[in-house]
Amino acid sequence: MSLLDATLREQAAAVATGEADPAELLAAALARIEERNPSVNAIVETFPEQSRRMLAEAPGGPLNGVPVAIKDEWPLPWRAERLGAAQHVGPPPKPGESGPYRALRDAGAVIVGVANMHEYGAGSTGHISAYGPARNPWDTERCPGGSSSGPGAAVAARLVAGAVGADGVGSIRYPAAYCGLTGLKPTFGRSTMYGHHVAETTTIVSGPLCRDAADCRLLGGVLFGEELAAGEPDGLRIGIVPGELWDDCDPEVEAACREAVEALREASGGTVTAVDLQGRQHVAIASVLVGQTEELADVTPERIAALGEDVSLIARALLRYRLLIPAVAISKSLRVRTLVRRSLAELFGRVEVLAWPTVAAPAPPLENPTVELPSGAYPADYVNPRQAGIANLAGIPAISIPVGINSEGLPIALQLLAGWGHDELLLDAAEALERSNGRRWVDAAPPLAA
Amino acid sequence: MAAARHPSDGADGGDAGQAAGFVRGGLELLGFEASEAELAVIEAVDGLYRPSVDALIEVDLTGIEPEPNADMSRGPRAPEEG
């Protein structure tokens, strides 16, 4: 078995103990990208010279000599972000040292490639990108999830063991769910966001996509700039919100997630309680409206008109559509945000985590990213924010954990959400769940990487 | 696989012609040009999201205490904390 198939922490340990030569590990990662990436289109650019320089100058640290990937949303000193788009809206950004770059560099990690993403970050599927769509390693005709499509596909295909994504309306959790990975959306403000193109965001966070929770703890700690202590959840109080978050899901998804919640309850000696959340019928639209309007300050008629046909028709249309969103709807979205934050604060006094499926259905086809739910068939982009948007709207942390594989061989994922600052509890709970099922789902490899 | 359908199908989803007029007229007023293909996509997206946006606009949210200077990295402060 190649060391590339090991976890992030196993790779780091192998380098730290001298068991592995980091230069050989980097060469192996580049070779694997060369070999496997054409099937998944996860990595859009490699830069061996800069990677070797990072390795040569690595200062030591928890990821010393370990190859990782970074989403095309972050500037690097040698490359400006392109956001999966052929053109920027407005002046193109410049290369630079983003927060995630600095955090990785200072941890000794080696950035081996830039990972694909849904064009402008404006989709939950990853099926649109100027580089062509990233493909799901579990079924390359399926969506990998977005907008962190490349990080998800790269880790699932075992090109790297960890990747940095960004999550504004679920963009780390969707690819984690579709690709059978663990993805952490940190509490707002805990992970570095320096250098992001939406400097005034109140929703977007950087975060890790890895195979399991322990790797997310390691990479997340690097992005947080602090070690994330591990603990054992004891008597975990789990909250379930009845209604469409559970009932309007693919039956296999609902069943696997209910089984996982019960396993987590049993593993921690905890409880499961039905709770309700005020304003939840407006959460999805409020999270979309807040998330999609934070970057409108850069828009002018001239900049929109300048977008050519190398930008997708959907992106050109959506950029215009956002201008028509009534101000009253945005204002009310912010009021819904307040209502939801207050309701969550009250709920997290009674339960420690909330649980529901990360996505209502497994990865849809790239050709037609539509999902079938008990209530009907919808574009995945329409229903996904219903499951994930609340964490961004409220600022709370959330984690997507693989909990099954459906009858078509596609991953199923459970989402756990916790109160502000309790990211570690989510990692603890995810690890408890992994242990309860013998790591069956986090160690499962897609056919492409088996 | 069945064709995608909106949750409000069969309900009163508003007048499609009126919505198209809003999209075209709104962009024109703002000085943003759009091709017919772009307008068709915008109208389809509007048809999908309009019911949720309308429901949000219609809901009465008075009585919810505002959260001035909200800090998303922590829970909401009590109103008296300012």
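Residues numbered from 1 in each chain as written. Chains lettered and ligands numbered in written order. Predicted model: local features only at pLDDT ≥ 70, side-chain atom pairs only at ≥ 80, totals over all residues. Heavy atoms only, no water.

1. Focus on the sheet that holds strand S13 (residues 411-418) of chain A
Residue and element names in this part refer to chain A.
Right, so step 1: Reading across from one edge, S1-S3-S2-S4-S6-S5-S12-S13-S9-S7-S8 is the order of the 11 strands in this open sheet, with mixed pairing throughout. Pairing within the sheet leaves two strands with one partner each, and these edge strands are strand S1 (43-45) and strand S8 (271-274). Taking each pair of neighbouring strands and ignoring which way they run, the sheet shows an average axis angle of 35 degrees.
Right, so step 2: Bridging between strand S2 (residues 67-71) and strand S3 (residues 110-115) involves five bridges; their strand directions are parallel. Counterpart to Pro67 in the pairing with S3 is Val110. (Pairing = 2+ DSSP bridges. Helix = DSSP H or I, 4+ residues; strand = E, 2+ residues; numbered from the N terminus. Axes fitted to C-alpha atoms, helices over the stretch in contact; angles between N-to-C directions.)

2. Looking at the side chain of Arg341 of chain A
Right, so step 1: On the secondary structure map, Arg341 of chain A appears in helix H13 (residues 327-347).
Right, so step 2: By relative accessible area, Arg341 of chain A is classed as buried at 0%.
Right, so step 3: Beyond its immediate stretch of four places on either side in the chain, Arg341 of chain A contacts Leu393, Ala394 and Trp420 of chain A together with Glu67, Asp71, Met72, Arg74, Gly75 and Pro76 of chain B. (Buried < 20%, exposed > 50% of the residue type's maximum accessible area, 1.4 Å probe, protein only. Contact = heavy atoms within 4.5 Å.)

3. Details of the interface of chain A and chain B
Right, so step 1: Counting residues at the interface gives 46 residues for chain A, matched by 46 residues for chain B.
Right, so step 2: Counting each side, the surface lost to burial between chain A and chain B is near 4100 Å², with a carbon and sulfur contribution of 70%.
Right, so step 3: Here chain A is connected to chain B by three salt bridges.
Right, so step 4: With a closest N to O distance of 3.6 Å, Glu38 of chain B and Arg320 of chain A form a salt bridge.
Right, so step 5: In this assembly, chain A and chain B are joined by 12 residue pairs in polar contact (both at pLDDT 80 or more).
Right, so step 6: If you list the elements that add at least two residues to the side of chain A that touches chain B, you get helix H10 (283-293), helix H11 (301-305), helix H12 (313-321), H13, strand S10 (370-373), strand S11 (376-379) and helix H14 (380-394) of chain A. (Buried area = accessible area lost by both parts, 1.4 Å probe. Salt bridge = Lys/Arg side-chain N within 4 Å of Asp/Glu carboxyl O. Polar contact = N/O pair within 3.5 Å; in protein donor to acceptor, adjacent residues only side chain to side chain.)

4. A word on the confidence of the model for chain B
Residue and element names in this part refer to chain B.
Right, so step 1: In this model, chain B carries a mean pLDDT of 79, and residues with pLDDT of at least 70 account for 76%.
Right, so step 2: Here residues 1-13 is modelled with pLDDT under 50, and outside its nearest four sequence neighbours on either side it reaches 24 contacts, counting other chains as well.
Right, so step 3: What the predictor reports for the complex is a pTM of 0.95 with an ipTM of 0.91. (pLDDT = per-residue confidence, 0-100.)

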